[in-house]
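Notes for the structure review
Chain residues, written in single-letter form:
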Amino acid sequence: TGYVTLDKGYKNTGATQSAITFLDGEQGILRYRGYSIEELAAKASFLEVAYLLIYGELPTNEEFSTFENAIRRHTMVNEDMRKIFEGFPVNAHPMGVLSSLVSAMSAFYPDSYDDKAEDKTDLHIIRLLAKLPTIATWSYKKSQGHPVNYPKNTLDYISNFLHMMFALPVEEYKVDPVVADALNVLLILHADHEQNCSTSTVRLVGSSRANIYSSVSAGINALWGPLHGGANQEVIEMLEDIRNDGGDVAKYVEMAKNAKQTGFRLFGFGHRVYKNFDPRARIIKKAADDVLSKLGVNDPVLEIAKGLEEAALNDEYFIQRKLYPNVDFYSGIIYRALGIPTNMFTVMFAIGRLPGWIAQWLEMRAQKEPIGRPRQIYTGSTLREFVPMENR
Ligand code: CMC
């Protein structure tokens, strides 16, 4: 069967060529389609970045309004999808709900799995971008015992999400520009990250020619894991634990150093590719200070996070292994200040990552990549003879 190279976790195996995102882990560089993450986070809107990732160029004014208007027209979700949603228990994790309902979209749009209807792909992309925020807000509304808010399509993408989350019938909901801007930056920072676990999953599932909803749903599930996007929820829970335990960060650094015995890792620390710093974390750390002070929020876990970061960065274990705070370390502190509940942090990551998943799925199809099918090295038994049950 020829040679098989073993590379667990694909630490050194390139799975594809890609023109979407450039990442230099040694120098902490991240660029989408050639534009630096720092510049995009400071100057662009999330939907502009989505367009850039998906179609390869920044949109002109006209292209942008066509794109934005198309999304506005599709923010409503089929009422029958709500019936599926109603069946989930009130404490269902919003990530489980999100992936299930995105998967259900394939059943609601049958031309998504019709190989002869490829011309519909663009519409499916618009639907995904438009409906993901709507679906995401349902879980929160249910947790509050509130009816869902229908999308208000006069609003822009981010304001519409905030409206569906937080508007109450008692008064006109006014979007706080500080909140909208902070969310815009966070979503941009999460929009793509080349061949990470969830993106590789989207490409792998799509490589069997599975439809885009099924592929993205698989990506959402991959993202949920605590070593990937689920880390943002874990970070806040860890910081809360440290706080409730008296705030002794050194104790937790010690525990993490013995990760192999304690099973405890510092969530929000370490990265497969970044070995000096994560440029997204730099931007987020600054934004956290900024947003909390502008909103007048005093969150004691921010101090714990800073103390923990400092203690870890001065520790030989972390220095030797080149472990730095990643994108998930400070993001939860901002989400929390914006009023987003902890169990929705990874959902926010999914909303941000969606354009990246879509762009990567399209690229995989456009490049006519073969079905993804890793090999293995077999370590099981050699041939043995079947023993009938009565003789076992
Ligand atoms: N705390 C303590 N030790 C760690 C940590 C950590 N957070 N991360 C890595 N290590 C140690 C690990 O035990 C290993 O030590 P040794 O060399 O003694 O065996 C060494 O550092 C290398 O780690 P690894 O697990 O081989 O590295 P990896 O590239 O396979 O894993 C990672 C990368 C991000 C999964 C890992 O660093 C981790 O589990 N971090 C915590 C979870 C987290 O924050 N994930 C978010 C990642 S960034 C954005 C995203 O994807 O959502």
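Below, the structure is looked at part by part. Predicted, not measured: the structure shown is a model, and the values here were computed from it.

What counts and how
- Residues numbered from 1 in each chain as written.
- Predicted model: local features only at pLDDT ≥ 70, side-chain atom pairs only at ≥ 80, totals over all residues.
- Heavy atoms only, no water.
- Helix = DSSP H or I, 4+ residues; strand = E, 2+ residues; numbered from the N terminus.
- Buried < 20%, exposed > 50% of the residue type's maximum accessible area, 1.4 Å probe, protein only.
- Contact = heavy atoms within 4.5 Å.
- Polar contact = N/O pair within 3.5 Å; in protein donor to acceptor, adjacent residues only side chain to side chain.
- Axes fitted to C-alpha atoms, helices over the stretch in contact; angles between N-to-C directions.
- Parallel < 35°, antiparallel > 145°, perpendicular 65-115°, else oblique.
- Left-handed = near helix turned anticlockwise from the far one by under 90°.
- Nonpolar A, V, L, I, M, F, W, Y, C, P; charged D, E, K, R; others polar.
- Phe/Tyr/Trp six-rings, centres within 6.5 Å; stacked < 30°, edge-to-face > 60°.
- Near = heavy atom within 4 Å.
- Areas by Shrake-Rupley, 256 points an atom, 1.4 Å probe, with all protein chains shown as cover.

**Section: the environment of Asp-24**
Looking at the element boundaries, Asp-24 is found in strand S1 (residues 21-24). Looking at Asp-24, the relative accessible area reads 19%, which means it is buried. With 75 residues separating them in the primary sequence, Asp-24 and Ser-99 have C-alpha atoms 31 Å apart. When sequence neighbours within four positions are dropped, the list of residues in contact with Asp-24 reads Ile-29 and Tyr-274. Among the polar contacts listed, one links the side chain of Asp-24 to the backbone nitrogen of Glu-26, at a separation of 2.9 Å.

**Section: the packing of helix H2 (residues 46-55) against helix H18 (residues 345-366)**
It is at 8 Å that the axes of H2 and H18 come closest, and there the two elements cross at 15°. Compared by their axis directions, H2 and H18 come out roughly parallel. As H2 runs across H18, the sense of the crossing is right-handed. Between H2 and H18, the residues in contact are Phe-46, Ala-50, Leu-53 and Ile-54 and Ile-351, Gly-352, Pro-355, Gly-356, Ile-358, Ala-359 and Leu-362, respectively. Its residues assigned to classes, the contact of H2 with H18 shows 9 nonpolar, 2 polar and no charged.

**Here's the deal with the packing of aromatic side chains**
If you walk through the whole model with that rule in mind, you get 13 aromatic pairs. Note on Phe-46 and Tyr-157: the rings are 5.8 Å apart at their centroids and 35° apart in plane angle, and the pair reads as tilted. Residue Phe-46 is found in helix H2, and its partner Tyr-157 is found in helix H7 (residues 157-166); the two are separated by 111 residues along the sequence. The exposure class assigned to Phe-46 is buried, which follows from its relative accessible area of 1%. Residue Tyr-157 is classed as buried on the basis of its relative accessible area of 11%. With a centroid separation of 5.1 Å and 70° between ring planes, the pair formed by Tyr-317 and Phe-318 is classed as edge-to-face.

**Regarding the side chain of Asn-196**
Looking at the element boundaries, Asn-196 is found in the loop between helix H8 (177-190) and helix H9 (197-206). Its relative accessible area of 13% is what places Asn-196 among the buried residues. Within the local environment of Asn-196, its side chain forms a polar contact with the side chain of Thr-199, the two groups lying 2.9 Å apart. A distance of 3.3 Å separates the side chain of Asn-196 from the side chain of His-228, its partner in a polar contact. In this structure, Asn-196 is in contact with His-228 and Arg-353, ignoring residues within four places of it in sequence.

**A closer look at the site of the ligand**
Residues in close proximity to the ligand total 23 residues, the closest being His-228, Lys-260, Arg-265, Leu-266 and Arg-272. A distance of 3.1 Å separates an oxygen atom of the ligand from a polar side-chain atom of Lys-11. Separating an oxygen atom of the ligand from a side-chain N or O atom of Arg-321 is a distance of 3.0 Å. Bound to the protein, the ligand loses 80% of the 930 Å² it would expose on its own. The class makeup of the residues in the shell around the ligand is 11 nonpolar, 6 polar and 6 charged.

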